[in-house]
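Chain residues, written in single-letter form:
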Amino acid sequence: MNTGTIKQIVGPVVDVYFEKDIPEVQHALQVEWTDEKGEKRKLTLEVMQHLGLGRVRAIALDSTDGLRRNVSVKNTGAPVQVPVGEAVLGRLFNVLGEP
């Protein structure tokens, strides 16, 4: 799995640098970090634009509070995916398919 580094955060907009193999537009990126309280946090980003020179601009699908520059980002190699089918009928999910 290809990894990158966060270079800039402006609200829900996150710029990520990849040394090689930049992700496609609309692909999902995963960020895992430990916040100031010592709690593990996860965040999903969706690539919206290629900026050139190995940088992509992504939109955070949750709050970016506590996110810092130079945190590692993993390219999932696929778009954001949500479960579908009879097993999820009548249930409430967020945009990532999490209950």
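Structure's up top.
All chains use their own residue numbering, which begins from 1 and follows the written sequence. Since the coordinates come from a predicted model, pLDDT governs what is reported: local features require at least 70, and pairs of side-chain atoms require 80 or more to be given and counted, while whole-chain, interface and lining totals use all residues. To get the side-chain values, take all heavy atoms of the structure and skip hydrogens and water.

Colleague: Any chance you could explain the sheet that holds strand 1 (residues 3–10) here in plain terms?
Modeller: The strands making up a sheet associate through hydrogen bonds between their backbones, and the pairing can be parallel or antiparallel. Should DSSP find at least two bridges between two strands, the strands are taken to pair. A run of H or I in DSSP counts as a helix once it spans at least four residues, and a run of E counts as a strand once it spans at least two, with each numbered from the N terminus. Pairing within the closed barrel is antiparallel, and its 6 strands lie in the order 1-2-5-4-3-6. Here the strands of the sheet are splayed against their neighbours by 45° on average, with no regard to which way each runs. Summarising the sheet, strand 3 (residues 27–34) and strand 4 (residues 40–52) pair through 7 bridges and their orientation is antiparallel. Looking at the pairing, Ala 28 lines up with Glu 46 of strand 4. As a rule, the C-alpha atoms of each element are fitted with a line to give its axis, helices using only the stretch in contact, and angles between N-to-C directions run from 0 to 180 degrees.

Colleague: Can you walk me through the side chain of Asp 35 in this structure?
Modeller: Among the secondary structure elements, Asp 35 is positioned in the loop between strand 3 and strand 4. One buried charged side chain, Asp 35, makes no salt bridge at all; its nearest oppositely charged neighbour is Arg 41, positioned 4.7 Å away. Identification of polar contacts relies on pairs of N or O atoms within 3.5 Å, with a donor-acceptor requirement for protein atoms, meaning one able to donate a hydrogen and the other able to accept it, and with residues adjacent in sequence counted only if both atoms are side-chain atoms. From its side chain, Asp 35 meets the backbone nitrogen of Lys 37 in a polar contact 3.1 Å long. Relative accessibility under 20% of the residue-type maximum defines a buried residue, over 50% an exposed one, and the middle range a partly exposed one, all with a 1.4 Å probe and only protein chains included. Positive charge is attributed to Lys and Arg, negative charge to Asp and Glu, and no charge count is given to His or to the chain ends. The salt bridge criterion pairs a side-chain nitrogen of Lys or Arg with a carboxyl oxygen of Asp or Glu, the two atoms within 4 Å.

Colleague: What exactly am I supposed to notice about the nonpolar core here?
Modeller: Within soluble globular proteins, side chains that are nonpolar generally end up buried alongside one another. Each nonpolar core is a collection of buried residues, namely Ala, Val, Leu, Ile, Met, Phe, Trp, Tyr and Cys, held together in the definition by side-chain atoms within 4.5 Å. Counting 16 residues, the largest nonpolar core has Ile 6, Val 16, Leu 29, Val 31, Leu 43, Leu 45 and Leu 67 as its most contacted members. Note on definitions: a residue-residue contact is assigned when non-hydrogen atoms from the two residues lie within 4.5 Å. Beyond its immediate stretch of four places on either side in the chain, Leu 43 contacts Leu 29, Gln 30, Val 31, Trp 33, Ala 60, Leu 61, Asp 62, Ser 63, Thr 64 and Leu 67.

Colleague: Would you explain the layout of surface pockets in this entry?
Modeller: In this approach, a probe sized like a water molecule rolls over the atoms, and the result shows the empty space that is left. In this analysis the probe radius is 1.4 Å and the grid spacing 1 Å, with only protein atoms considered; a cavity is a set of points the probe fits into but cannot get out of, a pocket is an open set with protein on both sides within 12 Å along at least five of seven lines, and lining residues have an atom within 4 Å of a point. Grid points are joined across faces, edges and corners, and a volume is the space filled by probe spheres set on the points. The space that makes up the largest pocket amounts to roughly 210 Å³. Contributing to the lining of the largest pocket are 13 residues, with Gln 30, Leu 43, Thr 44, Leu 96 and Glu 98 lying nearest its centre. Broken down by secondary-structure element, the contributors of at least two residues to the lining of the largest pocket are strand 3 and strand 4. Ranked by the residues each element gives to the lining of the largest pocket, the list is headed by strand 4, at 3 residues. Each residue receives one of three labels: charged for Asp, Glu, Lys and Arg, nonpolar for Ala, Val, Leu, Ile, Met, Phe, Trp, Tyr, Cys and Pro, and polar for the others, Gly being one of them. Of the residues that constitute the lining of the largest pocket, the class distribution is 6 nonpolar, 4 polar and 3 charged.

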